[in-house]
Amino acid sequence: MNGKLVKTIREAISLSGLRDGMTVSFHHHLRNGDYVLNQVMAEIAALGIRDLTVSASSLFDTHQPLTDHIRSGVVTGIQTNYMAAGIGREISRGILGKPVEFRTHGARASDIASGQAPIDVAFIAAPSADHMGNCSGKFGKSACGSLGYAYPDAMYAKKVVVITDNLVPYPLQGWSIPETNVDYVVPVEAIGNPAGIVSGTTRITRDPVGLVMASYAARVIEHSGLLKDGFSFQTGAGGASLAAADFLKKIMLEKGVQGSFGLGGITGYMVDMLQAGCFQSLLDVQCFDLKAVESIRSDPRHQEISALHYAGPSARSAVVDSLDVVILGATEIDTAFNVNVHTDSNGYIMGGSGGHSDTAAGAKLAMIIAPLFRARLPIVTDHVTCVSTPGRDIDVLVTQGGIAVNPKNGELRQRLLDAGLPIVEIQELKARAEGITGAPKRLPRGGREVARVLCRDGGQLDSIYHTPEEAE
């Protein structure tokens, strides 16, 4: 039976029953190389469908055409976990009539599963699929690795359309999403640009400041009391975070520590740690580079997990709840350890929580690694522009000028002092940075709410307001 296979995206949209006022969804594993969201939205606009909500696990600069659909009334609502600066600047200027809803990766999955954030039609960009809809991200010219963020969309949307540029004979071997979740399959020439989907390599920083911070971060972990057999760990793909993982790898090998799992968006450096015996497995919701894609394709210890399994607060259990240490970044952190990763210092949207709040809430040790200042602006402030992750969930701030420990964690502070690490109060870090840069002027914010930052377990954590012209 070939009843699911249709010739064009437009035909699939028509068959799905999409109408004015509905919600369509997309996942972001193709990141800045994605073609699918723009292709689908162009066809929706051509069909005259309007007043849609776009639920996207993340939005990147490649999705800038979405702003035209907002201006024309095709899109009137956005739900997302992350928004790059290009679209974010336009949203901050107030082009969308109602506030964007920002969730965490785990909260989005939970809210889709519970019906709090229902999806009418999900569009799954699949690097490989068969004609019945079994699909995977591990194979094909557009291979991206894990499809973890697409699982809840495929499982709970009323209609599911798989779009692929690698249609293979039935049945696809090693599928991620099964045909039982899929209504229609559309073959296209290309779902994305591989150069923007995954990088060939993710690189450790060579910046001396970044290396100092990375060394401090690894030593914090070493002396935290958590670095022992069974240790679990997540870090990001930034240069300093990767350097911290490299320092940690050396410590683990010297001490003979074998961890249980590495988690999250997986890089080649985490693959190196797996292969060196630092971890027994990798649990992967998103691959960041080609080495990670090859690993998840070939190594059974490298396992794909859904966003719900990764961090869903409503799940019976989620991996973040078993996490020992996570290394995270920050745009700003205030003296109460609240962290902003949603806006820049002018209040323009240029990010989002993603898994930031999820992992900080779940991990035994949540560490922020950030320089004392960026572009002459101090990283520590009295009050962050937007609370993305509440201070109660942050344990440590690591900078090149010293390490601040949240006062809630006196035992950790004493461990680090005993180890000879440069422990200072967070207020001192603020003063040091302002001694170099001067105290920044607080910019006015507009009166209209342009986005709501939702807590991972319900409710509203903060609001983002439109940016007045004088902030330009």
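In short, a report on the structure. Computed from a prediction, not measured in an experiment: that's the story for all the values here.

1. Notes on the sheet that holds strand E15 (residues 332-334)
Thought 1: Spatial strand order, E16-E15-E20: three strands in an open sheet with mixed pairing. Pairing within the sheet leaves two strands with one partner each, and these edge strands are strand E16 (339-340) and strand E20 (380-381).
Thought 2: The pairing of E15 with E16 spans two bridges and is classified as antiparallel. Paired with Glu332 across the two strands is Asn340, which belongs to E16.

2. Here we look at the sheet that holds strand E3 (residues 75-80)
Thought 1: Overall, mixed pairing links the nine strands, which are arranged E9-E8-E5-E1-E2-E3-E4-E23-E24 in an open sheet. Sheet topology places strand E9 (184-187) and strand E24 (460-465) at the edges, where each strand pairs with a single neighbour. Ignoring which end each strand starts from, the neighbouring axes of this sheet average 20° apart.
Thought 2: Helix H2 (residues 36-46) contacts strand E1 (23-26), strand E2 (52-56), E3, strand E5 (121-126) and strand E8 (159-164) of the sheet and is inclined by roughly 155° relative to E1.

3. Concerning the layout of surface pockets
Thought 1: Of the volumes computed, that of the largest pocket is approximately 1,100 Å³.
Thought 2: Along the walls of the largest pocket sit 40 residues, with Tyr82, Gly236, Ala237, Phe288 and Gly329 positioned nearest its centre.
Thought 3: Contributions of two or more residues to the lining of the largest pocket are made by helix H8 (208-222), helix H9 (239-255), strand E14 (325-328) and helix H13 (356-362).
Thought 4: Of the residues assigned to the lining of the largest pocket, the class counts are 16 nonpolar, 21 polar and three charged.
Thought 5: In this structure, the second largest pocket encloses a volume near 590 Å³.
Thought 6: Residue lining of the second largest pocket: 29 residues in total, with Glu332, Asp344, Ser345, Asn346 and Thr385 positioned closest to the centre.
Thought 7: At the level of secondary structure, the elements contributing two or more residues to the lining of the second largest pocket comprise strand E19 (377-378), E20 and E24.

4. Some points on the environment of Ile436
Thought 1: Residue position: Ile436 is located in helix H15 (residues 426-437).
Thought 2: For Ile436, the contacting residues outside a window of four places in its chain are Phe373 and Arg376.

Reading the values: rules and limits
- Residues numbered from 1 in each chain as written.
- Predicted model: local features only at pLDDT ≥ 70, side-chain atom pairs only at ≥ 80, totals over all residues.
- Heavy atoms only, no water.
- Pairing = 2+ DSSP bridges.
- Helix = DSSP H or I, 4+ residues; strand = E, 2+ residues; numbered from the N terminus.
- Axes fitted to C-alpha atoms, helices over the stretch in contact; angles between N-to-C directions.
- Contact = heavy atoms within 4.5 Å.
- 1 Å grid on protein atoms, 1.4 Å probe; cavity = no way out; pocket = protein on both sides within 12 Å on 5 of 7 lines; lining within 4 Å.
- Points joined across faces, edges and corners; volume = space filled by probe spheres on them.
- Nonpolar A, V, L, I, M, F, W, Y, C, P; charged D, E, K, R; others polar.

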